[in-house]
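# Per-entry structural report
Residue strings, one per chain:
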Amino acid sequence: MENRIDISKYKEIFENIRQEILKSQYKAMQAVNTEMIYMYWNIGKIILDNIEWGNKFIDNLSIDLKREFPDIQGFSSRNLRNMRNFYKEYPNIEILQTLSAKLPWSHNILLISKVKDMEIRKWYMKETIKNGWSHDVLADQIKYKLYERQAIAEKITNFENTLPDVQSDLAMQTMKDPYIFDFIVLKGQVKEKQIEDAMIEKIKNVLIELGNGFAFVGNQYKITVSDTDYYIDLLFYHLELRCYVVVELKARKFKPTDAGQLNFYLSAIDDMLRKDGDNPTIGILLCKEKDKLTAEYALKDINKPVGVSEYKLLQDIPEYLQSQLPKAEEIELHIKDIEEIEEQQDNEE
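A short tour of the structure in this document, coming up.

Calculation criteria
- Residues numbered from 1 in each chain as written.
- Predicted model: local features only at pLDDT ≥ 70, side-chain atom pairs only at ≥ 80, totals over all residues.
- Heavy atoms only, no water.
- Core = buried A, V, L, I, M, F, W, Y, C linked by side-chain atoms within 4.5 Å.
- Buried < 20%, exposed > 50% of the residue type's maximum accessible area, 1.4 Å probe, protein only.
- Helix = DSSP H or I, 4+ residues; strand = E, 2+ residues; numbered from the N terminus.
- Contact = heavy atoms within 4.5 Å.
- Pairing = 2+ DSSP bridges.
- Phe/Tyr/Trp six-rings, centres within 6.5 Å; stacked < 30°, edge-to-face > 60°.

## Focus on the nonpolar core
Grouped together as the largest cluster of nonpolar side chains are 35 residues, with contacts concentrated most on L80, F86, L111 and Y124. Among the secondary structure elements, those contributing two or more residues to this core are α1 (7–49), α2 (55–68), α3 (77–89), α4 (93–98), α5 (105–114), α6 (118–131), α7 (135–143) and α8 (146–151). Other than its neighbours up to four places away in sequence, L111 contacts L103, R121, Y124, M125, L138 and I142.

## Focus on the environment of A139
By secondary structure assignment, the location of A139 is in helix α7. Counting along the chain gives 32 residues from A139 to H107, while the straight-line C-alpha distance between them is 8.7 Å.

## Looking at the pairing of strand β4 (residues 228–238)
Judged from the 10 bridges that link them, strand β3 (residues 214–225) and β4 form a sheet pairing that is antiparallel. What sits directly across from T224, in β4, is D229. Taken together, β3 and the strand that follows it, β4, pair antiparallel across an intervening segment of two residues, in which S226 is found at a positive phi of about 50°. In this structure, β4 lies alongside strand β5 (residues 243–253), joined through five bridges in antiparallel fashion.

## What to know about the packing of aromatic side chains
Centre-to-centre distance and the angle between the planes together describe a pair of aromatic rings. Evaluated as defined, the whole model comprises 11 aromatic pairs. Considering the side-chain rings of Y230 and F264, the 5.0 Å spacing of their centres and the 65° angle between planes classify their relative orientation as edge-to-face. On the criterion of sequence distance, the pair formed by Y230 in strand β4 and F264 in helix α13 (residues 256–272) is long-range, its members being 34 residues apart. Classification of Y230 by relative accessible area gives partly exposed; the value is 28%.

In short, the description is geometric, and any link to function would need to be established separately.
This is the structure:
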């Protein structure tokens, strides 16, 4: 007589095996990508070493390689020129080993064509590896100058005075100025509730713009203090910072009293939700515009960690940039496509 199967135990065993297979597949894909990047780099070196043969040489090479390896893609004349440029950009193998080989080929070509400064390019490489950005997300981050908005922006916070050094550095890395919410299309005078509702509708895009590690908890999150109800615009939990993040929206210029209101919310969340092991709650105040000196004075004696940034909606972005943006309908279709792919993958599993 066969032993009876414990269904819950079986599911646990199956899930463990499934995760091992997925990890193995991912590692195999990484290894294949790395080998391909090294192959392209070496081919690029050979082509560059024979540059005196001219463009006709590359065209003939493309034809012969396609004939010799009909099952392998990537030997078009254009891509062979990309390989040559790739080697020209990285003749020193060190950056290839540490960064480029960890990125897909399309990401490398995008970075070479769009980011000319090597140090800025390295920054985007590291952020892409850390956050797992797709080609389209990386392209958007470059287009909207994430480096300038995050790495070198004048960030108005009191994190250095209110957080431990390690957490302060990480919290500072989450800040941008301004935040770009180009997927929110609102006309005329915009109220805070309209922005909030639009953000909830497009929450996937909001999380991408906020950055890696943000998990959505709720909007209009109710807290009760002395029998009075208060409503926090947006509440997140940051998985790397290990803390709650309160985001307050102001569809107007920053006022000093905004910092006091946010400080009150942070104290309440720390008291009501913060558990053992959680770090102090952080506040981000997003406003239509701000005066730097006013914001700095407002935060000077606040004892909770608070950052103040501006935000941009679609109508705030210059027209010449708006014409390059996908329409709201295209964004919706893109999100729908992703959801269908994920659902299909789940069914296959």
